[in-house]
Amino acid sequence: MNKQPLEITINGESCSLAVDSNRTLLELLREDLDLTGTKEGCGEGVCGGCTVLMDGKPVRSCLTLAVEASGTHITTVEGLAQNGEIDPLQQSFIDHGAVQCGFCTSGMLMAAKGLALNNPHAGKIEIINAMSGHICRCTGYTKIIEAVEAVVDRSKEKR
Ligand code: FES
Ligand code: FES
């Protein structure tokens with residue numbers, strides 16, 4: 001397999017790599033760069049566990065070729081904390097008991113972060129829609145939606 005050059009920024013760090021043309025972004029992150037916070041569930045675009053942000057938009061990294069991410073900024077769950085402080089969404093998931101086994105959590109957080117960045121005043125229906133492609137076998141979703149809503153609510157107060 002021919003290696004393709006790849007210039008990519010991951011969690012604020014620029015990387016120059018060479019990757020197989022059929023390597024997925026998920027494989028690049030987990031296997032080559034040891035960013036294992038991004039999870040592989042179905043590997044088929046169904047569960048949402050592998051979601052990362054590409055230029056601020058949620059994408060399924062199992063369905064994205066690494067070479068497709070060339071020239072983009074990728075944010076994984078490891079990049080959410082800033083200056084030693086976890087993201088308000090991470091704190092809200094803790095506060096609302098929205099994490100049980102945690103397998104879906106990074107994908108949920110990245111979907112929620114994408115929503116917070118692109119539609120910070122989203123209403124409940126928009127939140128539900130944004131999270132709807134994400135499967136959680138533990139919490140039953142209510143606490144996850146409440147955790148996201150609490151952060152969006154806080155941003156509404158600042159308007
Ligand atoms: Fe990518 Fe399930 S592992 S959507
Ligand atoms: Fe276990 Fe969601 S917390 S799958």
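Predicted, not measured: the structure shown is a model, and the values here were computed from it.

Caption draft 1: Spatial organisation of the side chain of arginine 23. If you trace the backbone, arginine 23 turns up in the loop between β2 (13-20) and α1 (25-32). Residue arginine 23 is classed as buried on the basis of its relative accessible area of 17%. Here aspartate 32 takes part through its side chain, which lies 3.0 Å from a polar atom of the side chain of arginine 23. When near neighbours in sequence (up to four residues on either side) are disregarded, arginine 23 contacts Leu28, Glu31, Asp32, Leu65 and Ala66.

Caption draft 2: Representation of the nonpolar core. Ranked by size, the top nonpolar core spans 23 residues in total, and within it Phe93, Met108, Leu109, Ile127, Met131, Ile144 and Val148 carry the most contacts. Looking at this core, the elements with two or more residues in it are α2 (88-95), α3 (105-118), α4 (124-131) and α5 (142-157). Ignoring sequence-local partners within four residues, the contact set of phenylalanine 93 consists of Ala98, Val99, Thr105, Met108, Leu109, Ile144, Ala147 and Val148. Counting 15 residues, the second-largest nonpolar core is a separate cluster that includes Cys15, Leu29, Val52 and Val59.

Caption draft 3: How the structure looks around the packing of α2 against α3. Where α2 contacts α3, the two axes come as close as 10 Å, and the packing angle between them is 125°. Our classification of the angle between α2 and α3 gives oblique. The hand of the α2/α3 crossing is right-handed. Here Leu89, Gln90 and Phe93 of α2 lie close against α3, whose contacting residues are Thr105, Met108, Leu109, Ala112, Lys113 and Ala116. When the residues that make up the contact of α2 with α3 are grouped by side-chain class, the tally is 6 nonpolar, 2 polar and 1 charged.

Definitions and limits used
Residues numbered from 1 in each chain as written. Chains lettered and ligands numbered in written order. Predicted model: local features only at pLDDT ≥ 70, side-chain atom pairs only at ≥ 80, totals over all residues. Heavy atoms only, no water. Helix = DSSP H or I, 4+ residues; strand = E, 2+ residues; numbered from the N terminus. Buried < 20%, exposed > 50% of the residue type's maximum accessible area, 1.4 Å probe, protein only. Polar contact = N/O pair within 3.5 Å; in protein donor to acceptor, adjacent residues only side chain to side chain. Contact = heavy atoms within 4.5 Å. Core = buried A, V, L, I, M, F, W, Y, C linked by side-chain atoms within 4.5 Å. Axes fitted to C-alpha atoms, helices over the stretch in contact; angles between N-to-C directions. Parallel < 35°, antiparallel > 145°, perpendicular 65-115°, else oblique. Left-handed = near helix turned anticlockwise from the far one by under 90°. Nonpolar A, V, L, I, M, F, W, Y, C, P; charged D, E, K, R; others polar.

Keep in mind that these numbers describe shape and distance, not what the molecule does.
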